[in-house]
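Here are the chains, one letter per residue:
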Amino acid sequence: MSAIINYAEAYQQGLQQRYAANGLLYTQKLWNSPSNNLLKFNGAKTVRVPKLLIKNGRKDRTRRSITTVEANYENQWETYELSNERYWSTLVDPSDVDETQQVTSIANITKVYNDEEKVPEMDKQMNSTLFARKNSIATGEGIEQINLDETNFLATFDKLMTDMDEKGVPSVGRTIFCTPQVRKIIKNLQQFSRTVPVQNNSGEINRIISRIDDVTIEPAIPSDRMKTLYDFTTGAVADATAKQIHFFLIYIPCMAAPQKYSFVGLDAPSAANSGNWLYYEQSYDDVLLFETKHEGLAFVIEQ
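One structure accompanies this document, and this report is about it. (Residues numbered from 1 in each chain as written. Predicted model: local features only at pLDDT ≥ 70, side-chain atom pairs only at ≥ 80, totals over all residues. Heavy atoms only, no water.)

With respect to burial, strand S10 (residues 245-251) is a largely interior element, six of its seven residues being buried. Pairing of strand S6 (residues 174-178) with S10 involves five bridges; the strand directions are antiparallel. Bridge pairing in S10 places Cys178 opposite Phe247. Relative to strand S15 (residues 297-301), S10 is paired through five bridges, and the arrangement is antiparallel. (Buried < 20%, exposed > 50% of the residue type's maximum accessible area, 1.4 Å probe, protein only. Helix = DSSP H or I, 4+ residues; strand = E, 2+ residues; numbered from the N terminus. Pairing = 2+ DSSP bridges.)

The structure is reproduced here in structure tokens:
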């Protein structure tokens, strides 16, 4: 039997390029969070995040005195064990490849699998895990439960933005990920404000709409990929208790999404495989929300 070659690194690079080129992965910006560059792999599925702490702030100075000089910082590491360990495999009969004129080749099968199974699962994993992390850290803070529509969207959005302002979250770089219905609400409000002088006595409506223009609005994510909870035993199936995520507002550097394909291989037909081609891949990944930066994420879900 021929040796199996591990294509993991090349395969991961190819996937990233494909997702970027075709816009298949709605949460690609989150999977490619700039905070990923801070992560250091320590073994197959453990990552460490450096954390630099300043012990004390500035102090009053007394003239003609010598102060005690000491290290006023401390370098620490946060360690995370990647919790999402997945695999996928398939046998392909060489006769099927010949009889379908290459339609069932390994290349075509893995392409359809990535597009129709893996990518939707990655979107569902990202959105539901971010919600779970936020709910775990903040115990409900930064999670609004409301049946969202055009009458209450502006007030809800304004509250999230104001809360982030109060917490010192950078105003530049905030992004909205939302369902098609919410994207429609936002678009209608933006168009209406540009054609009709919309304002109340205090001009609050115009102020809020102008703030929407300062936020990046990502393409709408199908509603079935925006649930609070999924069963990932096989694929990704929405849990019976799951609620609809209307949208979430995020400062993307507050999270990271480490991924590592530890093995991708293709074994030629052999007696051990009953004369079939054998394709197998396994990976580790996770979605992390930094406890010190969780204020940069807020959710609006159904009531």
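Pairs can form between side chains of opposite charge whenever their charged atoms are close. In this structure the tally under the stated criterion is 12 salt bridges. Glu85 is paired through a salt bridge with Lys45; the nearest N and O atoms lie 3.2 Å apart. Here Lys45 lies in the loop between strand S1 (40-41) and strand S2 (46-54) and Glu85 lies in strand S4 (residues 84-92), a separation of 40 residues in the sequence. The exposure class assigned to Glu85 is partly exposed, which follows from its relative accessible area of 48%. On the accessibility criterion, Lys45 (23% relative accessible area) is partly exposed. (Salt bridge = Lys/Arg side-chain N within 4 Å of Asp/Glu carboxyl O.)

Strand order in the open sheet formed by five strands is S5-S15-S10-S6-S7, with mixed pairing between adjacent strands. Of all strands in the sheet, those bounded by a partner on one side alone are strand S5 (143-145) and strand S7 (216-217). Two strands pair when backbone bridges link them, and S5 and S15 are joined in this way by three bridges, in the parallel orientation. Bridging from a neighbouring strand, Ile143 pairs with Phe299 of S15. Helix H5 (residues 153-166) rests against S5, S6, S10 and S15 of the sheet, and its axis sits at about 25° to S10. (Contact = heavy atoms within 4.5 Å. Axes fitted to C-alpha atoms, helices over the stretch in contact; angles between N-to-C directions.)

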